[in-house]
Amino acid sequence: MPIIRVALNVPVDTLFDYQSNDATLHDIGLRTCVPFGKKRVTGVIIAVGSETRISVEKLKSAHCIFREIEPLPAALLDLFHFCSQYYHHPLGLVIMNGLPVMLRGNKPVKLKESSNNVQFSLTEAGKQIDLSSIPARQRVARRLLTEFHHTTTLTSPQAKQISPRAGKLLQEWIQLKWVSAMPIPTRVTKAAAIPPLTAEQEIAVSAITTDIKQFNTWLLHGVTGSGKTEVYLRIIEHVLAHGKQALILIPEISLTPQLETVFRARFPTIHLVSLHSGLNDTERLTGWLQAQRGQAKIILGTRLAVFTPLPDLGLVIVDEEQDSSFKQQDGLRYSARDLAIFRAKENNIPVVLGSATPSLESYYNALNGRYHSVRLLSRAIKNAALPLIQCIDTRTNKTQEGLSEPLIKALGKCLTEKHQSLVFINRRGYAPALLCKACGWTAICQRCSSRLVVHLRDKKLCCHHCGHRENFPRACPHCGNQDIAPFGQGTQRVEETLAAHFPTARILRIDRDSIRRKNAWQDILHAIHAQEVDILVGTQLLAKGHDFQNLSLVGILNADSSLYSTDFRASERLFAQLMQVAGRAGRANVSGHVLIQTEFPDHPLYHALQKHDYDALALTLLAERKTAGFPPFVYQALLRAEAHSIAIVLDFLKQAASLANPPSSVELFDPVPAQMLRLKGLERAHLLIQSSSRRQLQAFMAEWYARINTLPAHKVRWVLDIDPLEF
Ligand code: ADP
Ligand code: ZN
Ligand code: ZN
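Residues numbered from 1 in each chain as written. Chains lettered and ligands numbered in written order. Predicted model: local features only at pLDDT ≥ 70, side-chain atom pairs only at ≥ 80, totals over all residues. Heavy atoms only, no water.

**Observations concerning the coordination of the zinc ion (ligand 3)**
Angles at a metal have ideal values that depend on geometry: 109.5 degrees with four tetrahedral donors, 90 or 180 degrees with six octahedral donors.
Then, number 1: Bound to the zinc ion (ligand 3) on the protein side are Cys445 (SG), Cys448 (SG), Cys463 (SG) and Cys466 (SG), at distances that span 2.2 to 2.4 Å.
Then, number 2: Seen from the zinc ion (ligand 3), its 4 donor atoms lie at angles of 104 to 114 degrees, and the figure they make is tetrahedral.
Then, number 3: Of note, the donors binding the zinc ion (ligand 3) are all from one chain and are spaced C-x2-C-x14-C-x2-C. You can see Cys448 sitting in the loop between strand S20 (433-436) and strand S21 (453-455) and its partner Cys466 sitting in the loop between strand S22 (460-462) and strand S23 (469-471), a full 18 residues away along the chain.
Then, number 4: Here Cys448 falls in the buried class, since its relative accessible area comes to 2%.
Then, number 5: Looking at Cys466, the relative accessible area reads 18%, which means it is buried. (Donors = N, O, S within 2.8 Å, 3.2 Å for Na, K, Ca; no water. Tetrahedral: all angles 85-135°; square planar, octahedral: opposite > 155°, others 65-115°. Helix = DSSP H or I, 4+ residues; strand = E, 2+ residues; numbered from the N terminus. Buried < 20%, exposed > 50% of the residue type's maximum accessible area, 1.4 Å probe, protein only.)

**What about the coordination of the zinc ion (ligand 2)?**
Then, number 1: On the protein side, the zinc ion (ligand 2) has Cys436 (SG), Cys439 (SG), Cys476 (SG) and Cys479 (SG) as donor atoms, found 2.3 to 2.4 Å from it.
Then, number 2: Around the zinc ion (ligand 2) sit 4 donor atoms; with metal-centred angles ranging over 106 to 114 degrees, the donor geometry is tetrahedral.
Then, number 3: Sequence positions of the residues that donate to the zinc ion (ligand 2) give the spacing C-x2-C-x36-C-x2-C.
Then, number 4: Of the residues examined, Cys476 reaches a relative accessible area of 3% and is grouped as buried.

**Things to note about unusual backbone geometry**
Then, number 1: A cis amide bond, omega 5 degrees, links Pro631 with the succeeding residue Pro632.
Then, number 2: Relative to the helices and strands, Pro632 is located in the loop between helix H19 (614-628) and strand S29 (635-643).
Then, number 3: With phi around 50 degrees, Lys680 is a residue other than glycine that occupies positive phi space.
Then, number 4: Counting through the fold element by element, Lys680 comes out in the loop between strand S31 (672-679) and strand S32 (682-691).
Then, number 5: Overall, the relative accessible area of 46% leaves Lys680 in the partly exposed class.

**Side note on the sheet that holds strand S19 (residues 420-424)**
Strand pairing in a sheet relies on backbone hydrogen bonds, with the paired strands running either antiparallel or parallel.
Then, number 1: Taken together, the 6 strands give an open sheet; going across it, the order is S16-S28-S27-S19-S26-S25, and neighbouring strands pair in parallel fashion. The open sheet has two free edges, formed respectively by strand S16 (388-393) and strand S25 (507-510), since each of these has just one partner strand. The sheet shows a mean angle of 20 degrees between the axes of neighbouring strands, taken without regard to direction.
Then, number 2: Bridge analysis of S19 against strand S26 (residues 535-538) gives 4 bridges, and the strand direction is parallel. Paired with Ser421 across the two strands is Ile535, which belongs to S26.
Then, number 3: Sheet strands touched by helix H16 (residues 520-529): S19, S25 and S26. Its angle to S25, the strand with the most contacts, is close to 145 degrees.
Then, number 4: The strands that helix H17 (residues 570-582) touches are S16, S19, strand S27 (551-556) and strand S28 (593-598); relative to S19, the one it contacts most, it runs at about 165 degrees. (Pairing = 2+ DSSP bridges. Axes fitted to C-alpha atoms, helices over the stretch in contact; angles between N-to-C directions. Contact = heavy atoms within 4.5 Å.)

**Section: the sheet that holds strand S1 (residues 3-8)**
Then, number 1: The 5 strands are arranged S2-S1-S4-S3-S5 in an open sheet whose pairing can be described as antiparallel. For this open sheet the edge positions go to strand S2 (16-19) and strand S5 (64-66), each flanked by a neighbour on one side alone. Here the average twist between neighbouring strands, direction ignored, is 45 degrees.
Then, number 2: As judged from the 3 bridges shared by strand S3 (residues 31-36) and S5, these two strands associate in the antiparallel manner. The residue bridging Thr32 from the neighbouring strand is Ile65, located in S5.
Then, number 3: Contacts between helix H2 (residues 91-98) and the sheet are confined to S1 and strand S4 (39-49), with S4 contributing the most and set at about 105 degrees to the helix.

Quick look at the structure:
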């Protein structure tokens, strides 16, 4: 009897064998439901054979194999295998992480094909079918085929008019590959005008398309507003013309609708699916299946979309490749950008990493020739120059409620000129702390090592890490003093201050609190574009990708805190973020001006920013990293662990370290508590491993991982984090 080898949705790093009387080699990649202990568990069939090391008495039988959808293609299984090996995570969990939720359960999926927006047409095979070969008693089939010969395409309602049974027949013909279903092209109200490429764009497009049939990692390094999107569109067009699919990964859900609109307008007849966390389970599965069947040609998605099955993949684009949201920060800690590169290599196709401020890893790879770099140094729109960036020294220009006089003046001027402005502060809430002026007590979260943020509007103190909320205390719980007050600035407080300064201005706050309502984000964007807003106050949600044509002034508050952080990536991130925010100003015909409030106007980071000189800063930071022995000059991994008390965690890490036997090229550091010791009630620590050889680090980690797995760890949760971004 055939034996199936299954990757199960359980945290054990091994495959499990089961008997299955009807399994064949064609079932590899299908889901199966099997007994596991007393439960039924779902897994994916990885191999089918006739041998097993399990004794006959112990070998159980699979309950069933789900055959309602096509098996996962081999290329996707390869990606899962690689991901499992590289991140040292059980294959079953890797696969389940990558599948749509509806495929993770142990039920067959039933999708009502919503056929209202599709149209059917005969495939090449379907066109070969002779009407006379269909028996006369199959009246509906004959009429349907005749109709296809007349009209070439049929919509569902048209088919239903022929016969109520036509729908079922069409589904059968789809199975037989006689008929294909395609979405009805959406009518675009305004055909998007295609701009002629700038000289720089032309060079980029032609370089990438010339090599479109082979693997290369391209770093498309273009200043904000340089028209990277147009470059993407042109390469995608090229790929579509060859009948291939394009996968575009983007960092944030907030960007999806806009980019989606741009893509749909350019390719109105192309089937595009958008895969992001805002979809419900059915929508996600539907899009995923359309991609798997090769119907969807453009797949636009966030991190998880890197695991979409794509039979005709011809191009991968990773927009804002430096964005940390491409790295999953819990469970399977994968980097979608790095997996995208792996996928492109396996498919022998190009991958394009786009950014105005590439990660130092990618920049370094471009410098040393591993990636091909294409640069866009000027803005695409004629007359749109890069904004003028200046610092306001807050040691001499004292701030009131967080705002300095020069910034207030500039905002006022902007208002009279009827241009929009943006005040950027990366802290939501009213104030980042509640402080007792008598004894210095501040409200902290009981479950996290963090301060509670004051949310004045709902009269609550909130933890931004675990979501805990509590009421304001009446007095200081420490000394009884009643004079406790919000300390520092958050978006809500800045909004309030600005409203006091400019009573007639229309001010809009944009942060995670204000976009929580469904469609809020759409409404906000609409208001901004319709010029119904004068001053925007917002967090980094506003920084990315948006094109606000009338925005001329950007004010930046409280950026200094990241300048002297202990995190070696803090400068890189701050620079990228400020460059992005600054890039919102002066994108069209209004000139842009950026004012940064700082106590350190002479910091090299602000100097580089003022000169728009990414390279100067990147080279400085790279030199520092080389001296200090940080990535990209070394490769890192973390063993992370958490438990109710730090003592248990450190003890576990020490035991793990004692099992390690690293070669001289791999360095193991002592366990240390995490920068944020407590999170959601657990205490955390980690152990850093690094090496200048990725291969040796990987080999060591694989072996060590197997050993750590033998440790009793019922009180500790642990995970390996390869190429960690957070410490
Ligand atoms: P980036 O993503 O590089 O910041 P965008 O792709 O958002 O830049 O482009 C910035 C602006 O330039 C957009 O308004 C876009 O329509 C416009 N644009 C892009 N390419 C061209 C071009 N070749 N000619 C004129 N305008 C262009
Ligand atoms: Zn007190
Ligand atoms: Zn908390």
